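# Chain and residue survey
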Amino acid sequence: MSKNTVAVIVTFNRLDKLKESLRYTLEQAFYRVVVVNNHSNDGTREWLDGHSDPRLHLIHSEQNLGGAGGFHLGFEFAAQKLPEAEW
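Let me sum up the structure you'll find in this document.

Rules behind the numbers
- Residue positions are given per chain, counted from 1 along the sequence in the order it is written.
- The predicted origin of the model limits local features to residues at a pLDDT of at least 70 and limits the giving and counting of side-chain atom pairs to 80 or more, whereas totals for whole chains, interfaces and linings rest on all residues.
- Excluded from the side-chain calculation are hydrogens and water; included are all heavy atoms of the structure.
- Within this scheme, the nonpolar core is defined by two criteria: the residues are buried Ala, Val, Leu, Ile, Met, Phe, Trp, Tyr or Cys, and they are joined through side-chain atoms within 4.5 Å.
- We call a residue buried when its accessible area falls under 20% of the maximum for its residue type, exposed when it is over 50%, and partly exposed in between, using a 1.4 Å probe and counting protein chains only.
- Strands are runs of DSSP state E lasting at least 2 residues, helices are runs of H or I lasting at least 4, and numbering of each runs from the N terminus.
- Residues count as neighbours in contact if any of their non-hydrogen atoms are within 4.5 Å of one another.
- Strand pairing is assigned whenever DSSP detects at least two bridges linking the two strands.
- Where helices are involved, their axes are fitted lines through C-alpha atoms of the stretch in contact, as for all axes, and angles between N-to-C directions lie from 0 to 180°.
- For a helix, the expected span equals 1.5 Å multiplied by the residue count minus one.
- What the arc covers is the set of directions going from the helix axis to the C-beta atoms.

In this section: the nonpolar core. If you look at soluble globular proteins, the nonpolar side chains tend to sit buried side by side. With 10 residues, the main nonpolar core is built from Ala7, Ile9, Leu18, Leu22, Leu26, Phe30, Val33, Val35, Leu48 and Leu56. Breaking this core down by element, the ones donating at least two residues are strand S1 (6–11), helix H1 (15–27) and strand S2 (32–37). The element that contributes the greatest number of residues to this core is H1, accounting for 3 residues. Setting aside residues up to four positions removed in sequence, Val33 forms contacts with Ala7, Ile9, Leu22, Thr25, Leu26, Arg55, Leu56 and His57. Judged by nonpolar contacts, the second largest core, of 9 residues, contains Val6, Val8, Leu82 and Ala85.

Below is the structure:
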C-alpha cells in the first residue's frame, strides 16, 4: 500500500458493522480514513464523534445520499482536502 492511500467508508444505520469495519481499517496503514455518515439515526454520529485518531475525517451528511452519493461526497472531500492522497 502506498504511504498516501486513503480509505473511504460510507455508512447508514449499520453501527455494529461500522464498528468492525472501522476497527480493521484503522489497523491498516492507511494515510487517512474518510467516513461518510449518510444521516444515520442509530447512534453512529455520536460514536464516530468519540474517536480521536488523527487519520480519521468525518462527514455527517444532512440527508441520506445513498451509496453512490455517499462515496461521491467522500471522494470529493479527499480530492479537495487531501491533495497529497494517492488514488
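Sheets are built from strands that pair by backbone hydrogen bonding, the pairs being arranged parallel or antiparallel. Reading across from one edge, S1-S2-S3 is the order of the 3 strands in this open sheet, with parallel pairing throughout. The sheet is open, and its two borders are formed by S1 and strand S3 (56–60), each paired with just one other strand. Neighbour to neighbour, the strand axes of the sheet diverge by 15° on average, direction disregarded. Note: S1 against S2, 6 bridges, orientation parallel. If you follow Val10 over to S2, its bridge partner there is Val36. Along the sheet face, H1 touches S1, S2 and S3 and points at about 175° away from the line of S1. Against the sheet, helix H3 (residues 66–81) makes contact with S1, S2 and S3, and its axis sits at roughly 150° relative to S1, the strand it touches most.

End to end, H1 covers 18 Å across 13 residues, agreeing with the expected 18 Å (1.5 Å per residue, within 8%). When H1 is considered as a whole, its buried residues turn out to be Leu15, Leu18, Leu22, Thr25 and Leu26. Around the axis of H1, the buried residues are gathered within 90° of arc, so they sit on the same side. Across from the buried face of H1, at angles greater than 90 degrees, the exposed residues are Asp16, Lys17 and Glu27. Structurally, H1 contributes buried residues whose contacts are with S1, S2, helix H2 (44–49) and S3.

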